[in-house]
Structure formats: C-alpha cells, structure tokens
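Chain by chain, the residues run as shown.
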Amino acid sequence: MAKRPRIAVVGSANIDLTTFTSRFPKPGETIFGDSFDLGFGGKGANQAVASRLCGADVFMVARVGTDLFGPATIDNFKKQGIDATHVKRIEGVSSGVAPIFVEPSGQNRIFVVKGANDRLTPADVDAAADLLKTVDCIVLQFEIPLETVYYCVRFARTNGIRCIVNPAPAQPVDLTPLDGLDYFVPNESEAETIAGIPVRTVDDAKRVAEKLLSGGVKRVILTLGANGSLLAGRESMEHLPAFPVKSIDSTGAGDAFIGSFAVFLGEGLPEREAVRRANLYAGLSTTGVGTQKSFYDRARYDAEWTARSTP
C-alpha cells in the first residue's frame, strides 16, 4: 500500500466563468457565445482538488470574499474532503473570479480578478504553522501576493518540508528568495515571461531551465502541453512526452499536473515516474470541460495508467 501523502496548498480559490465561442468579438462588437459553464476554480483550489482526488489528505490555506461565492467555495472544499479550517472570509472584499474564453480547439484565454486572494498574508501562514509543519509538501502559486509565496518558501525550507511553486499567472519574478526551492513548475508562457526566452521547442525549454536553475532552485519542470514536460536538474535534463488524448478544454491542465505530481512524489515514486504519471493525469483532464470537474479520481486514473503503460 502506497504511503498516503499529506499536502497543504497555500493559494487561491476562484469561481471560473467559462464561455465557449467560435471567435472573439472585435472592439465594440457583441457576439453570441456557444455555451457557458460556471465552476469552482483558482489555481490553488484546483491543485488541492487534484491532490485530493489522487488520494492525498489535503489542507487548504486561502481567503474568500463575503459575496455569494465565498461560502459556496468553503462548502465545495468540505464536499471534496479537503480540510478548510484555514480558509477564511474577508469582509467587504469579493471572492476571486476567473472569466475564461475557450476556442473550439480547446485553447483558452483567462482573466483573473484576485479579490480576497490578494489578502492572504505571511501572518496567515504563521496562523497555520502548526498544521503546515505536519505535511509532506506545500504547494504555492502566483495568484496570491508574492510576499506570501516567498515567506512560505522560507517557512518550508526552515522546517524541511518539500515545496512546489507554480509561477502562474506569469509575471516577472526575483528568483533570489526561491533559492533552494525543491520544484519550480512553469508552463511555456510563464517560463518565457520569467526567463525572457521564448519556448517554442524542447531545446528552448532546456535553455530556459538552465537559466532558472542558475537562479538557485533545485529542480525545474517545464510543462509543455501536448509536448509533455521537461524535467531539469543541475546534473541532467530529460524530455518526457505527453500521452495522446482527445483534448476539448485545456483549462486547468497545469493544475492537474502539479496536484497529481505532489501526490505521486509523496507516495514515494521516483521523480521521473511521478512526472510521467502527472503527464497522463494532466492530459486526461483536458478531455472534459472545466477545471475541477474534469479531474479524474484515483480509481479511474489508475485504470487509464494501467491500460496505457501495459505493453
């Protein structure tokens, strides 16, 4: 029996407002969309749900607003089996929202209004310290203040806790406070924003990884969509291809990768194997609509893994 990991996600919780459309309106133009979906999202919440569905004990540290979405978000965590003790409401502030626009190819464009997510502070990390010291891994993203991200990375390093940072949404970042970070996991566009190098090929990804590793992080994993991912350390780099799937909506695939990777690693799988399995979990998430609703539970995922990994 694999070890049951304990994972804490310190991060964002949003409501996703997804519109499917054949094209985008011109300035001043109003057009009809094809369909609409409302669901629970936010990169932090998505990663927490992915980890929980993969079998981990998951704890969320987050902030929501006093609008209709706040209590619903907390209730959703509880229904998913995620510990929401440290998810608090901020008076007079909206919850985070993410309007998402999806083309027929599955490509998406996303706006994020952070709302209460921007009120998650280092003091909130301290308030959850007793819990955080009990987990195997802390997962962070950039939908909360960078000050809080840096503080939590230092907390993890001081307490010997594995830490994964997903620098999304993309923004310029000082890598110095991330020195010694276990895993830095951007996608192509995020890596380009941070490193200043376009990522069009695997060789481009390797150049970006070298630059990020020179900043002091221990491992870089570049998620490359349909091209799989690049696992990079100071000693070696390896491109691990994606599994073929019929993608209809790529929203949340990066979150599916990170949430599942944290679990597979926490179960004691070798790093390379954990990345390969996360590649499949992320790919499968694109075969459904939305973010959390498209994530596979462990039994369904294991069946797919067995079918695809058997010669």
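Whatever comes next refers back to the structure up there.
What you see is a predicted model, and the numbers here were worked out from it, not measured in a lab.

(A) Inspection of the environment of Phe36 at higher detail. Locating Phe36 in the fold gives a position in strand 3 (residues 35–41). What makes Phe36 exposed here is its relative accessible area of 53%. Each C-alpha atom of the pair Phe36 and Thr21 lies 9.1 Å from the other, and the pair is 15 residues apart in sequence. Among all residues touching Phe36, those that are not within four sequence positions of it are Leu17, Thr18 and Thr19.

(B) Region of the structure containing the nonpolar core. In this structure, Phe257 and Phe261 are the most contacted members of the largest nonpolar core, which totals 46 residues. The dominant element in this core, judged by the number of residues it contributes, is helix 8 (residues 253–266), at 8 residues. The next biggest cluster of nonpolar side chains, apart from the first, holds 44 residues, and it includes Leu120, Ala128, Ala209 and Val217.

(C) Structural detail: unusual backbone geometry. The omega torsion of the bond from Ala168 to Pro169 falls at 0 degrees, within 30 degrees of zero and hence cis. Take Pro169: it is sitting in the loop between strand 9 (162–166) and strand 10 (183–184).

(D) Quick peek at the sheet that holds strand 3. Across the sheet, 4 strands lie side by side as 3-2-6-7; this open sheet has mixed pairing. Of all the strands in the sheet, the pair left with one neighbour each is strand 3 and strand 7 (108–110). Taken pair by pair, the neighbouring strands of this sheet meet at an average axis angle of 20 degrees, ignoring direction. Both strand 2 (residues 14–20) and strand 6 (residues 96–102) contribute to a ladder of 7 bridges, which runs parallel. From the neighbouring strand, Phe20 faces strand 6, where its bridge partner is Val102. In the packing of helix 2 (residues 69–79) onto the sheet, the strands contacted are strand 2, strand 3 and strand 6, and the crossing angle to strand 3 comes to about 65 degrees.

Reading guide: rules and limits
- Counting starts from 1 at the beginning of each chain's written sequence and moves along it residue by residue.
- Since the coordinates come from a predicted model, pLDDT governs what is reported: local features require at least 70, and pairs of side-chain atoms require 80 or more to be given and counted, while whole-chain, interface and lining totals use all residues.
- Hydrogen atoms and water are omitted, and side-chain values are computed over all heavy atoms in the structure.
- Put simply, DSSP marks the helices as runs of H or I at least four residues long and the strands as runs of E at least two long, and each gets a number from the N terminus on.
- Note on classification: 1.4 Å probe, protein chains only; a residue is buried when its accessible area is under 20% of the maximum for its type, exposed when over 50%, partly exposed between these limits.
- Here, two residues are considered to be in contact whenever any of their heavy atoms come within 4.5 Å of each other.
- Working definition of a nonpolar core: buried Ala, Val, Leu, Ile, Met, Phe, Trp, Tyr and Cys residues. They are joined through side-chain atoms within 4.5 Å.
- Should DSSP find at least two bridges between two strands, the strands are taken to pair.
- Only the stretch in contact is used when a helix axis is fitted, and all axes are lines through C-alpha atoms; the angle between N-to-C directions ranges over 0 to 180 degrees.

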